[in-house]
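# Per-entry structural report
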Amino acid sequence: MRRATPVAPLDVREVEAFDTETDVLVVGYGCAGAAAALEATAAGRDVTILERASGGGGSSALSGGEMYLGGGTPVQAACGFEDSADDMEAYLLAALGPDADAEKVGLYARESLDHYRWLVEHGVPFKPSLWDSPTWVPPTDDGLMWLGENAWPYTEIARPAPRGHRVTSEGFGGKVLMAKLIDAVSHTPADVHTDTYATRLIVDGERVVGAVGRRYGTDHYYRAGAVVLTTGGFADNSDMVAEHAPQLVGLGVNSDGSDDGRGILMAQAVRAAVRHMSAGQVGISLVPGMMVRGMIVNHVGQRFLNEDVYPGLVGQAALYGQKLRVWVILDEKAYEEVPENERWGVQPHVVAETLAELEQQIGMPEGALETTVGEYNRHAANGEDPYFHKAARWLRPLEPPFAAIDVRRGMTPPEDGGADGGAAVFTIGGLRTTVDGHVLDLDGAPIPGLFAAGRATSGLHAWGYVSGTSLGDGTYFGRRAGVAAADQ
Ligand SMILES: Cc1cc2nc3c(=O)[nH]c(=O)nc-3n(C[C@H](O)[C@H](O)[C@H](O)COP(=O)(O)OP(=O)(O)OC[C@H]3O[C@@H](n4cnc5c(N)ncnc54)[C@H](O)[C@@H]3O)c2cc1C
């Protein structure tokens, strides 16, 4: 299928006149773009930001505002936790792997404390109090949360410490993060050109020297010393998702609707390499507080992991390993222990006095659930889970009446418009970059003049995902890309 708007690069000799000349052109004004612009202006460069929407924010502004930070931040210390960069690195390599970007992960962990300070200096607030229960987004303004660090097998890989730093906000904190970063940018000389959709790069031989931006139907030509692509992922481009990440097709999308992959395509058109394009964050449609007090089973009634890991990892295991044919099984007490404001509207789909009735109503093989729950209860009575090592805190024999929740029926999280098909997803693969944000070509060489950060790149991750690594990775590597682009 031929593209309506070509993505192939434009030769500089075909440009009659440039409308704008700038040192650093940042394309996309989410968290990564804002961070890049702040560092490039701090380095004394002229910066122009192109944003297709009428203002900055992107998916970053809709997000939970959880940032993965550690190594002994003041928030961790105030909550009584010791942490080290080595433990943070070891956890991230395990949770984001296999084949997480070791160089990026190591640097990110070592510089996390500095990055925390940079965020605070730019006005981003974090409250020194802990939310101590599995959840997607706490309903309070607590500033610290666990993101699976205290769950097996990670407890054997790294000393556990909570590293989910939440931007202070009731509920979702992304809007506060972006308000602070946009405010910081507004105090710099950076120009922001909104309603401007970058369509293609401009090249002079091998070198990227600008971009074309379409505003209200007219093309504008930008000449730049360096271009930084911070355009987000491609979850909203159904053709790209079908091509690269087919297991995500048909699921809800977690984004602001502008993740059309254009930045990735523009870079690919100048021979950029990509990485892990099939990987996805899977926001599975369940309430973690219910799952951890009960269990998650597949369509034949078998558990497949410990329910206290970061719920995004549950989502990936459920989608990629079980095709999302999964049920949360719990008892009345477990359901009622989850406060109303943390249930996100989820109610049991099937209830029964006996497990035999429950499995029959769900359509599981006879005896499947009875066996699983029987084994679970036998060991839970001793505070043990020899199958998957769920922490003793969450272990208790389940008692009648029982309930089951069909994950594929979805739920409606506050503020995010709801998920369908059992999960809301976004892509985590993207452009291959160095730790300084240089976009690499198919031969592994930096493409002169081209940088990228945020979800347009493959970032820290390989296959796995824990919350906070998009805003954390996006701002941190956005900053590095801004510094390097300013140096061009
Ligand atoms: C509901 C929800 C909750 C989330 N919670 C968390 C969380 O708590 N922690 C976490 O780490 N991550 C979270 N995420 C993921 C995270 O928000 C994103 O991965 C991250 O914000 C991406 O940042 P970015 O700067 O790369 O892209 P974005 O913030 O999406 O910014 C990209 C910008 O580029 C613009 N743009 C795109 N293409 C073009 C173009 N061609 N020309 C001009 N402009 C363009 C877009 O309009 C957008 O403003 C969540 C996401 C959602 C939707």
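Our structure's up above, just so we're on the same page.
Notes on the structure in this doc start here. (Residues numbered from 1 in each chain as written. Predicted model: local features only at pLDDT ≥ 70, side-chain atom pairs only at ≥ 80, totals over all residues. Heavy atoms only, no water.)

This brings us to the environment of histidine 389. Mapped onto the fold, histidine 389 is located in the loop between helix H14 (368-380) and strand S18 (402-406). Between the alpha carbons of histidine 389 and glutamate 111 there is a distance of 32 Å; along the sequence they are 278 residues apart. Beyond its immediate stretch of four places on either side in the chain, histidine 389 contacts Trp152 and Asn306. (Helix = DSSP H or I, 4+ residues; strand = E, 2+ residues; numbered from the N terminus. Contact = heavy atoms within 4.5 Å.)

With that out of the way, let us pick up the site of the ligand. Surrounding the ligand, one finds 39 residues, the nearest of these being Glu51, Ser60, Glu66, Arg455 and Leu471. Contact between the ligand and glycine 58: an oxygen atom at 3.4 Å from a main-chain N or O atom of the residue. For the ligand, an oxygen atom lies 3.0 Å from a polar atom in the backbone of serine 59. With the chains in place, 96% of the 1,000 Å² that the ligand exposes on its own is no longer accessible. Every element with two or more residues in the shell around the ligand is listed here: helix H1 (31-42), helix H2 (58-62), strand S9 (196-204) and helix H15 (469-486). Across the shell around the ligand, the residue classes tally to eleven nonpolar, 21 polar and seven charged. (Near = heavy atom within 4 Å. Polar contact = N/O pair within 3.5 Å; in protein donor to acceptor, adjacent residues only side chain to side chain. Areas by Shrake-Rupley, 256 points an atom, 1.4 Å probe, with all protein chains shown as cover. Nonpolar A, V, L, I, M, F, W, Y, C, P; charged D, E, K, R; others polar.)

The geometry of helix H4 (residues 85-96) relative to helix H5 (residues 102-110) is characterised by a closest axis approach of 8 Å and an angle of 145° between their N-to-C directions. Seen along the crossing, H4 lies across H5 with a hand that is right-handed. The segment H4 lies against H5, with Ala85, Met88, Glu89, Leu92 and Leu93 engaging Ala102, Val105, Gly106, Tyr108, Ala109 and Arg110. (Axes fitted to C-alpha atoms, helices over the stretch in contact; angles between N-to-C directions. Left-handed = near helix turned anticlockwise from the far one by under 90°.)

On to the pairing of strand S22 (residues 446-452), then. When you tally the buried positions in S22, you get five out of seven residues, the bulk of the element. Two strands pair when backbone bridges link them, and strand S21 (residues 438-440) and S22 are joined in this way by two bridges, in the antiparallel orientation. For leucine 440, the partnering residue across the bridge sits in S22 and is proline 446. In this antiparallel pair of consecutive strands, S21 and S22, the connection spans five residues, and glycine 444 shows a positive phi of 85°. (Buried < 20%, exposed > 50% of the residue type's maximum accessible area, 1.4 Å probe, protein only. Pairing = 2+ DSSP bridges.)

What follows concerns unusual backbone geometry. Geometrically, the link from glycine 97 to proline 98 is a cis peptide bond, its omega value of 0° lying close to zero. Along the chain, the position of proline 98 falls in the loop between H4 and H5. The peptide bond linking proline 400 to proline 401 adopts the cis configuration, its omega dihedral lying at 0°. You will see that tyrosine 216, though not glycine, has its phi angle at about 50°, which is positive. For tyrosine 216, a relative accessible area of 67% corresponds to the exposed category. Non-glycine residue histidine 276 carries a positive phi angle of around 50°. Take histidine 276: it is sitting in the loop between strand S13 (274-275) and strand S14 (280-284).

This next bit is on the pairing of strand S19 (residues 423-427). Most of S19 is tucked away: five of the five residues are buried. Alternating positions in S19 separate into two faces, Ala423, Val425 and Thr427 on one and Ala424 and Phe426 on the other, with burial throughout. The sheet contact formed by strand S12 (residues 252-253) and S19 spans two bridges and is parallel. Across the sheet, the residue bridging to glycine 252 is alanine 424, located in S19.

Taken as a whole and assessed by the stated rule, the structure comprises 25 salt bridges. Across the pair arginine 13 and aspartate 204 runs a salt bridge, and its minimum N-O distance is 4.0 Å. One end of the pair, arginine 13, is in the loop between strand S1 (10-11) and strand S2 (20-27); the other, aspartate 204, is in strand S9, and 191 residues separate them in sequence. On the basis of relative accessibility, which here comes to 63%, the residue arginine 13 falls in the exposed class. When the shortest N-O distance is used, the salt bridge between aspartate 385 and arginine 303 registers 2.9 Å. Here arginine 303 lies in the loop between strand S15 (295-298) and helix H11 (311-322) and aspartate 385 lies in the loop between H14 and S18, a separation of 82 residues in the sequence. Judged on exposure class, the residue aspartate 385 and its partner arginine 303 are both buried. Because the salt bridges share partners, they merge into one network encompassing Arg303, Glu307, Asp385 and Lys390. (Salt bridge = Lys/Arg side-chain N within 4 Å of Asp/Glu carboxyl O.)

Here we come to the packing of aromatic side chains. Taken as a whole and assessed by the stated rule, the structure comprises ten aromatic pairs. A ring pair is formed by tryptophan 136 and tyrosine 310, whose centres lie 6.1 Å apart and whose planes are at 85°; its orientation type is edge-to-face. Taken together, the residues span a long stretch of sequence, with tryptophan 136 in the loop between strand S5 (130-131) and strand S6 (144-145) and tyrosine 310 in the loop between S15 and H11 at a distance of 174 residues. Look at tyrosine 310 and you get buried, because its relative accessible area is 4%. With a centroid separation of 4.8 Å and an interplanar angle of 80°, the aromatic rings of tyrosine 476 and phenylalanine 477 are classed as edge-to-face. The exposure classification of tyrosine 476 matches that of phenylalanine 477, with both residues buried. Among the aromatic residues, ring-to-ring pairing joins Tyr68, Tyr91 and Tyr154 into one connected group. Between lysine 104 and the ring centre of phenylalanine 477, over which it is positioned, the NZ or CZ distance is 5.8 Å. (Phe/Tyr/Trp six-rings, centres within 6.5 Å; stacked < 30°, edge-to-face > 60°. Lys NZ or Arg CZ within 6 Å of the ring centre and 35° of its normal.)

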